[in-house]
Amino acid sequence: MTLTQMFDPTAVAIVGASTTEGKIGYEAMANAAEFDSPVYPVNPSSKGTLFGEAFVPSVTDIDDDVDLALCCVPGPVTPEVIEECGEAGVGAVVVYAGGFAEAGEDGERLQQSVVEVAEEYDISVLGPNTSGFVVPRTNLLCSFASGAEKLPAGNTAVVAQSGGVAHALAFQSRRQGRGVSVMVGLGNRANVGFTDVIEYFDGDEDTGAIVIHVEGTDDGRALLEACRESETPVIAYKVGQSDVGEFAESHTGALTGDHELYLAGFAQYGIPTVDATDDLLDAAAALADSPEPDGPNVGVVTAQAGPGIIITDRIQRAGGRLPELTAETRDWVDELLSGVTYTGNPVDTGRPMPAFGDVVTAVAEDDNVDIVLVYELFEQAMGFPADALDGLAERVDKPILFATDGIEEDMADDKATLTDAGVPMFETPERAGDAAAVLARYAKIQGRAGAALEASR
């Protein structure tokens, strides 16, 4: 089984394509028609064309090598459709229909039939009970949700147990101006699950971080090992801290398990966890766009004391450390600031000033600092220290995060300059502090996990 045919197909068939707006077969075809390669509507009961493509009665009648089929038919006929796909040489199928393992014993038997047919023909099945996936970079829109065509390409792979959460994360990423490399809703995970998708996108050059939303899984150890072995950073959001087991099982057939055991397992294997979708995307932005931190020590530079206090509090409460700066750095900062304000850590400049970029550079070059977080309310007369920040993270080999706020249209050009320079940006002191804290936790648990793995060898 390979996922290349799913996420990088040469041609796509929409089985159960429909001319009736609102039906999954119509909406899936409407999205899939954006793909740059051939897309074929399949329905034995339909004639004519749909989005400029002629209907064919079966995938076996397509005179082309089709890699991927989007299955828009009811659950009971799904095994038959997958068998036809196997006979046609289709290597990957997305099953949108529900009524499988999440729906009781009859549904479990139906899903088992899907698995058996897929195994016979070596077909990768995403779902059942999923809203599909989207690869914005290639306009591969294998979702029936509206708005999929507006998702921008980015460097975060979103892998969610729930298709609804997958789409919510992707749409949030769009609002944040970040985008995704892929958005995948796993659904019931008939034979494509977390481990398969994580391993595939770990090898994707356009993916800089992988975020996973987990309700529960039948093989937690395999999930943890896939995360640990991934060279691409993985961040997890495990839901189910309260008693939602019955609801979750009816959703994607997932058993949520013991929440604390999951969190302990993620920590043991070096995977940071968060408690909200915003935090998941912020952590991904910090990790995907930055060098990996060597330790949990955060140097904070703020142009306003109040936000700096909030940031400091968030970092320390979440397990990060604010180390004392070296005597050399303190002397340099004292000279730059002329004793105007606080030159410890955080460094508080009082307001943006011409030497602000030099202060940031001084803290970034400090040997006691592993991560740098800068906060500056936008002042049009000063702008952002773009020249100082451009390439600084790569030069010092440390993550450098930047948080700000102001009138959006006034600071649009300056924000775009920093974004183009690869500087992760955040809109509130809380989100910035939490992102820096995730980097700190990541450094700590990666260090512990690496030491434990080495000791076990």
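Everything here concerns the structure above.
Calculation criteria
Residues numbered from 1 in each chain as written. Predicted model: local features only at pLDDT ≥ 70, side-chain atom pairs only at ≥ 80, totals over all residues. Heavy atoms only, no water. Phe/Tyr/Trp six-rings, centres within 6.5 Å; stacked < 30°, edge-to-face > 60°. Helix = DSSP H or I, 4+ residues; strand = E, 2+ residues; numbered from the N terminus. Buried < 20%, exposed > 50% of the residue type's maximum accessible area, 1.4 Å probe, protein only. Pairing = 2+ DSSP bridges. Core = buried A, V, L, I, M, F, W, Y, C linked by side-chain atoms within 4.5 Å. Contact = heavy atoms within 4.5 Å. Patch = residues over 30% accessible without salt bridge, like charges linked within 9 Å, V, L, I, M, F, W, Y side chains within 5 Å. Areas by Shrake-Rupley, 256 points an atom, 1.4 Å probe, with all protein chains shown as cover. Salt bridge = Lys/Arg side-chain N within 4 Å of Asp/Glu carboxyl O. Lys, Arg positive; Asp, Glu negative; His and termini not counted. Charge placed at Lys NZ, Arg CZ, Asp CG, Glu CD.

**Q** Talk me through the packing of aromatic side chains; I want residue IDs and the actual numbers.
**A** Under the counting rule described, the total for this entry stands at eight aromatic pairs. Relative to F133, the ring of F7 lies with its centre 4.8 Å away and its plane at 75°, an arrangement referred to as edge-to-face. Here F133 lies in strand β8 (residues 132-135) and F7 lies in helix α1 (residues 4-7), a separation of 126 residues in the sequence. For the residue pair F7 and F133, the accessibility class agrees, reading buried in each case. Both rings, one in F7 and one in Y200, keep their centres 5.4 Å apart while their planes meet at 40°; by these two values the pair is tilted. With F7 in helix α1 and Y200 in helix α6 (residues 194-202), the pair connects residues that are 193 residues apart, well separated along the chain. Taking the relative accessible area as the measure of exposure, Y200 reaches 24% and is therefore partly exposed. Ring-pair connections join several aromatic residues into one group, and the members of that group are F7, F133, Y200 and F201.

**Q** Before we move on, can you summarise the pairing of strand β12 (residues 209-214) with the specific residues and values?
**A** In terms of burial, β12 is largely enclosed, as six of its six residues are buried. Of the two faces of β12, both are covered, the one formed by A209, V211 and H213 as well as the one formed by I210, I212 and V214. Both strand β10 (residues 153-160) and β12 contribute to a ladder of five bridges, which runs parallel. Its bridge partner lying in β12, V158 is registered against V211. In the sheet, β12 pairs with strand β13 (residues 234-238) via five bridges, with the strands oriented parallel.

**Q** I'd like a description of the nonpolar core, backed by residues and values.
**A** Counting 48 residues, the largest nonpolar core has F133 and I212 as its most contacted members. Discounting chain neighbours no more than four positions away, the residues touching F133 are M6, F7, L68, V94, L126, L140, L141, C142, S143, M183 and V184. Among the nonpolar cores identified, the runner-up in size contains 41 residues, and L169, V274, A284 and F426 belong to it.

**Q** So what about helix α13 (residues 356-364)? Which residues, and what values?
**A** Most of α13 is tucked away: eight of the nine residues are buried. All of the buried residues along α13 are F356, G357, V359, V360, T361, A362, V363 and A364.

**Q** How would you explain the sheet that holds strand β17 (residues 400-403) if you had to name every residue and give the values?
**A** What the five strands build is an open sheet, ordered β15-β14-β16-β17-β18; its pairing is parallel. The strands lining the two open edges of the sheet, one partner per strand, are β15 (347-348) and β18 (425-426). Bridge count for strand β16 (residues 371-375) against β17 is four bridges, and the pairing is parallel. By the bridge assignment, Y375 is partnered in β17 with A403.

**Q** Any chance you could break down unusual backbone geometry for me, citing the residues and the numbers?
**A** That bond from G127 to P128 is cis: its omega, -5°, falls within 30 degrees of zero. Counting through the fold element by element, P128 comes out in the loop between β7 (124-126) and β8. Notably, N129 is not glycine yet its phi reads approximately 65°, a positive angle. Considering the arrangement of structural elements, one finds N129 in the loop between β7 and β8. At N139, a residue that is not glycine, the phi angle is positive and equals roughly 55°. Within the secondary structure, N139 is located in the loop between β8 and β9 (140-143).

**Q** So what about a negative patch on the surface? Which residues, and what values?
**A** Negative charge collects at one region of the surface, where D294, D387, D390, E394 and D397 lie side by side. Locating D294 in the fold gives a position in the loop between α10 (277-288) and β14 (298-302). Judged by relative accessible area, D294 falls into the exposed class, the value being 67%.

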